[in-house]
Amino acid sequence: LAMAAHVITGGKRARGMMSVMVCEALGGNPSDALVAACVVELCHAASLVKYDVQDHDEQRRGGLSFWKLFGLEMATLVPDVIVPHAALFTKCYGPRALMSVIGAWANIAKGQLMDYPGVPLAGIRGGDLYQQVVSLKTAPLFECAAELGVRAARKDWFLGPSKQYGAQAGAAFQVYDDVCDLYQAQGKPWEVMGKKGPLPMSMQALRTRLKGISMVRWEDVTATAQIGEAYLDQAVTAARAFPDSPVRQHLVDLPGMSCRALLAEVIPHEILDMGKIPGIPAALTA
């Protein structure tokens, strides 16, 4: 329990909020989506444990990462305890909900594998590889969150638009996460984003797409932010397809708010608020 508590401490809870709000926006009782919210947050937290090991990250959410605190052995074991149990919780929504969680976990694992330097990826190059990794590493759990919200509301007829909303929001979140890394790496070699290992394949592909030189430039930051903005626009369009209700506006706002909160962790507010980076989501005061 102590290990599980450490895994889930902190974070923005964007995926869990999405499940609850999708359910409510479709006329469901938001409390019916609490299991869905817990499932996607547990799976997300478990994925971070594995990512930190692969990326050699020693810090997570303001403290030591799981593997630094409990060791590599537990870091390889505990996520494999958490995820199947979390998936089984979805039995209250039916077998297709279980398949959604399993499918999301399979895809994020595939995305992480594709991002690992040295894995042969026949026929995928440059910007195409970046787009594929973005659509796999982060988007599937957001898509799953939206789908579980629909199933909690028992409005399966809205699965298509809802999953599109979640997938685009998740892709935007991943791109803006890369914006954060680029912002911090300005003036340094691209290789610094490999941390203690080789540069991830997605960053190699992004550098190719941006025609980047050896050092990270301000232009690389702004161009990547504009890639994120395109995904964000698609998420907003998908959100507006939901039935008209006060909750729909929250769904419209959620992707931008989540991405902006991510950016605010590393980019000073005066830069965000003055619009110095094209493609940055606007501040929301409501």
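Everything discussed here concerns the structure shown above.
Residues numbered from 1 in each chain as written. Predicted model: local features only at pLDDT ≥ 70, side-chain atom pairs only at ≥ 80, totals over all residues. Heavy atoms only, no water.

Novice: Would you mind going over the packing of helix 2 (residues 14–25) against helix 8 (residues 139–153) in detail, with residue names and values included?
Specialist: Between helix 2 and helix 8, the least distance of the axes is 7 Å, while the angle of their chain directions is 30°. If you check the angle between helix 2 and helix 8, you find them roughly parallel. When the axes of helix 2 and helix 8 are compared, the crossing they make is right-handed. Between helix 2, through Ala14, Arg15, Met18, Ser19, Val22 and Cys23, and helix 8, the contact on the second element is made entirely by Leu141, Phe142, Ala145, Ala146, Gly149, Val150, Ala152 and Ala153. (Axes fitted to C-alpha atoms, helices over the stretch in contact; angles between N-to-C directions. Helix = DSSP H or I, 4+ residues; strand = E, 2+ residues; numbered from the N terminus. Parallel < 35°, antiparallel > 145°, perpendicular 65-115°, else oblique. Left-handed = near helix turned anticlockwise from the far one by under 90°. Contact = heavy atoms within 4.5 Å.)

Novice: Pulling in residues and values, what's your account of the environment of Gln59?
Specialist: Among the structural elements, Gln59 can be located in strand 1 (residues 59–60). Here the alpha-carbon distance between Gln59 and Leu69, two residues ten residues apart in the chain, equals 10.0 Å. In this structure Gln59 touches Leu64 and Ser65, once residues within four positions along its chain are discounted.

Novice: Summarise the state of the cysteines; cite the residues concerned and give the values.
Specialist: Per the counting criterion, the structure on display carries zero disulfides. Here Cys92 stays free of any disulfide, with the sulfur of Cys38 as its closest cysteine sulfur at 11 Å. On the accessibility criterion, Cys92 (42% relative accessible area) is partly exposed. Between Cys180, a cysteine without a disulfide, and Cys259, which holds the nearest cysteine sulfur, the sulfur-to-sulfur distance is 9.4 Å. (Disulfide = S-S within 2.5 Å. Buried < 20%, exposed > 50% of the residue type's maximum accessible area, 1.4 Å probe, protein only.)

Novice: Requested: an account of helix 6 (residues 95–115), with residues and values cited.
Specialist: Under the 1.5 Å per step criterion, the end-to-end length of helix 6 is 31 Å for 21 residues, consistent within 8% with the ideal 30 Å. Restricting attention to buried positions, one finds in helix 6 the residues Ala97, Ser100, Val101, Ala104, Trp105, Ile108, Gly111, Gln112, Met114 and Asp115. (Expected span 1.5 Å × (residues − 1).)

Novice: Go over the side chain of Ser258 with me, naming the residues and quoting the values.
Specialist: Take Ser258: it is sitting in helix 12 (residues 246–264). Given the relative accessible area of 8%, Ser258 is considered buried. Contact partners of Ser258, with chain neighbours within four places excluded, come to Lys12, Ala14 and Phe173.

Novice: Which residues make up the nonpolar core, and what values go with them?
Specialist: Across soluble globular proteins, nonpolar side chains show a tendency to be buried alongside one another. Ranked by size, the top nonpolar core spans 94 residues in total, and within it Met18, Val22, Tyr165, Tyr176 and Trp190 carry the most contacts. Here this core takes twelve residues from helix 9 (residues 159–184), the largest share from any one element. Beyond its immediate stretch of four places on either side in the chain, Trp190 contacts Leu182, Leu199, Met203, Leu206, Arg207, Leu210, Ile213, Ser214, Met215, Val216 and Asp220. (Core = buried A, V, L, I, M, F, W, Y, C linked by side-chain atoms within 4.5 Å.)

Novice: Hey, could you go over the packing of aromatic side chains for me, with residue numbers and the actual values?
Specialist: Applying the stated criterion to the full structure yields five aromatic pairs. Judged by centre distance (5.7 Å) and plane angle (45°), the rings of Phe142 and Phe173 are tilted. Remark: Phe173 occurs in helix 9 and Phe142 occurs in helix 8; sequence separation between them is 31 residues. With a centroid separation of 5.3 Å and an interplanar angle of 80°, the aromatic rings of Trp157 and Phe158 are classed as edge-to-face. Clustering of aromatic rings is evident, with ring pairs tying together Trp157, Phe158, Tyr165 and Phe242. Above the ring of Phe173, the side-chain terminus of Arg15 is found at 5.6 Å from the ring centroid. Over the aromatic face of Tyr51 sits the side chain of Lys137, whose NZ or CZ is 5.8 Å from the ring centroid. (Phe/Tyr/Trp six-rings, centres within 6.5 Å; stacked < 30°, edge-to-face > 60°. Lys NZ or Arg CZ within 6 Å of the ring centre and 35° of its normal.)

Novice: Describe the pattern of salt bridges, with residues and values.
Specialist: All chains considered together, the criterion is met by ten salt bridges. Taking the shortest distance from any N to any O, the salt bridge between Glu265 and Lys12 comes out at 2.6 Å. In this pair, Glu265 is assigned in the loop between helix 12 and helix 13 (269–273) and Lys12 in the loop between helix 1 (2–8) and helix 2, connecting sequence segments 253 residues apart. Residue Glu265 is classed as exposed on the basis of its relative accessible area, which comes to 54%. (Salt bridge = Lys/Arg side-chain N within 4 Å of Asp/Glu carboxyl O.)

Novice: I'd like to hear about unusual backbone geometry, residue by residue, with values.
Specialist: A positive phi angle, near 60°, is found at Arg13, a position not held by glycine. Residue position: Arg13 is located in the loop between helix 1 and helix 2. Residue Arg154 is not a glycine yet carries a positive backbone phi of 60°. Residue Arg154 is classed as exposed on the basis of its relative accessible area, which comes to 59%.

Novice: Tell me what's going on with the packing of helix 10 (residues 201–210) against helix 11 (residues 218–239), and back it up with residues and numbers.
Specialist: Between helix 10 and helix 11, the shortest axis-to-axis distance is 11 Å and the interhelical angle comes to 100°. Here helix 11 runs roughly perpendicular to helix 10, going by the angle between their axes. Residues Leu206, Arg209 and Leu210 of helix 10 lie in contact with helix 11, whose contacting residues are Asp220, Ala223, Thr224 and Ile227. For the contact of helix 10 with helix 11, a count of residues per class yields four nonpolar, one polar and two charged. (Nonpolar A, V, L, I, M, F, W, Y, C, P; charged D, E, K, R; others polar.)

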